[in-house]
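# Results of the structural survey
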Amino acid sequence: MKYLTSIWIVFLVAVGLFYIRLQDPVPLQILRMKTFDALQLRQKVDKSEDIVLINIGYDSLKALGQFPWPRTHFAQIISDIRDKGAGIIAFTMIFSEEDRYGGDEVFASWMKDNGVVLSQTVSGRVLGIKGPHVGIAIIGEDPLDFVFQYNGLLINTPLLIADGHGIAAGSPEVDNLTRRIPMIVQVDDVLYPSVPLEILRVTAGDPSYQLKVGYTGIQAIRIPSFPTIPTDEHGRIWINQKHLFDEYEFIEDFPNFEGKTVIIGMGADSEGLVPILPTPRGLKTPQYIQASVLQTIINGENIVRPDYAASYEILTLAVLMLLIILVVYKINIYFVLVFVAAIFSGMLYGSFYVFDDHSILLDP
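This text gives an overview of the structure that appears in the document.

The rules behind each value
- Residues numbered from 1 in each chain as written.
- Predicted model: local features only at pLDDT ≥ 70, side-chain atom pairs only at ≥ 80, totals over all residues.
- Heavy atoms only, no water.
- Helix = DSSP H or I, 4+ residues; strand = E, 2+ residues; numbered from the N terminus.
- Buried < 20%, exposed > 50% of the residue type's maximum accessible area, 1.4 Å probe, protein only.
- Contact = heavy atoms within 4.5 Å.
- Areas by Shrake-Rupley, 256 points an atom, 1.4 Å probe, with all protein chains shown as cover.
- Pairing = 2+ DSSP bridges.
- Axes fitted to C-alpha atoms, helices over the stretch in contact; angles between N-to-C directions.
- Parallel < 35°, antiparallel > 145°, perpendicular 65-115°, else oblique.
- Left-handed = near helix turned anticlockwise from the far one by under 90°.
- Core = buried A, V, L, I, M, F, W, Y, C linked by side-chain atoms within 4.5 Å.
- Salt bridge = Lys/Arg side-chain N within 4 Å of Asp/Glu carboxyl O.

### Here we look at the overall build of the protein
Per the secondary structure count, the protein includes nine helices and 18 strands. Its C-alpha atoms put the protein at 85 × 40 × 35 Å along the principal axes. Per-residue burial for the protein yields a buried fraction of 48% across its 364 residues. Sequence-distant contacts in the protein: of pairs separated by 6 or more residues, those separated by 24 or more amount to 78%. Accessible surface computed for the protein: about 17900 Å², of which carbon and sulfur atoms make up 59%.

### Overview of the sheet that holds strand β4 (residues 136-140)
Ordered by their spatial adjacency, four strands build an open sheet running β4-β11-β12-β13, and the pairing between neighbours is mixed. Two strands lie at the open edges of the sheet, namely β4 and β13 (229-230), each paired on one side alone. Bridging between strand β11 (residues 209-214) and strand β12 (residues 217-222) involves five bridges; their strand directions are antiparallel. The residue bridging Leu211 from the neighbouring strand is Ile221, located in β12.

### Side note on the sheet that holds strand β10 (residues 190-193)
The mixed open sheet is built from three strands, whose spatial order is β5-β9-β10. The outermost strands of the open sheet, each flanked by one partner alone, are β5 (149-150) and β10. Here strand β9 (residues 184-187) runs beside β10; their pairing, made up of four bridges, is antiparallel. In the sheet register, Gln186 faces β10, and the bridge partner there is Leu191.

### Here's the deal with the packing of helix α4 (residues 71-83) against helix α5 (residues 104-111)
Contact geometry of α4 with α5 gives a least axis separation of 7 Å together with a crossing angle of 25°. Taken together, the axis directions place α4 and α5 in an arrangement best described as roughly parallel. For α4 against α5, the interelement crossing comes out left-handed. Together, Arg71, Thr72, Phe74, Ala75, Ile78 and Ser79 of α4 and Asp104, Val106, Phe107, Trp110 and Met111 of α5 make up the contact between the two elements.

### A short note on the nonpolar core
Among the nonpolar cores identified, the biggest contains 35 residues, and Met183 and Ile199 are the most heavily contacted of them. Elements represented by at least two residues in this core include exactly β1 (46-56), α6 (195-204), β11, β12 and α7 (286-299). For this core, the element with the highest residue contribution is α7, accounting for six residues. In this structure, Ile199 is in contact with Ile88, Ala90, Val117, Thr261, Ile263 and Leu294, ignoring residues within four places of it in sequence. Among the nonpolar cores identified, the runner-up in size contains 30 residues, and Phe74, Leu160, Ala162 and Met266 belong to it.

### Quick look at the pattern of salt bridges
Overall, the coordinates contain 17 salt bridges when judged by the stated rule. The shortest N-O distance in the salt bridge between Asp246 and Lys47 comes to 2.9 Å. One end of the pair, Asp246, is in strand β15 (residues 243-249); the other, Lys47, is in strand β1, with 199 residues separating them in the sequence.

Have a look at this one:
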């Protein structure tokens, strides 16, 4: 016990642990992310009153036949859900080729000035193409140094022009779970907004976005009529995982949507036609992810990990380690154990408190 509590042994252990935190190896990053998951999964699950999902699942494929369908089916569903009082209508699938059945003109006619948002996505294969986008008002520094950059873009066939065109792109973490998505990306030095951001812009009827950029990266994105969206330095936001949505099959008789946003995509049981994304709440479809992001923004329930968080944690760690070293040197070992346990409990409580009260993620 005398050797184990030697001031030099304690000092060496503290330095070793501090060095590990500075290096931040993958197992430590995974542990941090799992801790953040635990903070969020304690939240009460809320049913969305703003968004519904329409899925192209097994029953729809069985009824309407092999996919891809004639585009007239999609024109018809726009007509049907407009009759049921839908608000903005968004598609998470991409119509990159012309309709082999010749239905693009009919589909395009139902999209024109009708509150429809289409998806496009980043690509490492389709190069040299510029997709539809709107301007961005930049406040501060040049965002191109911070926004995720991609080589190419997969867009919809030019025959299909909607009121909005958003990027559907994920940002998997070190353990391959989807917790954040970028609100904005760049391809060939052109900035493209995400699908949720485009839905908000079309809803508000605004021609552009406002992007605030500091010396350390992106700080926030704003669309008038909606809460300011705080982001990390790369323009990503944390997905609040607590939302549930009403879901319907493509072939169902729909209820009155009462102005809710409707997001249409491939269902989880349309095997082989959609990538199912792992999240802290299990496997989710792309439209579920986009809906969760959109609901997070609408509610102003943005989860934030501030730029200063890592520095704050490391500084706190250094101060507490020095304090523990002094306590070990001066006080009986049994009191030291109580003291250290109290510090650990306090750090854990503090982490839970700032998240529950302020939606701030700090790593205990």
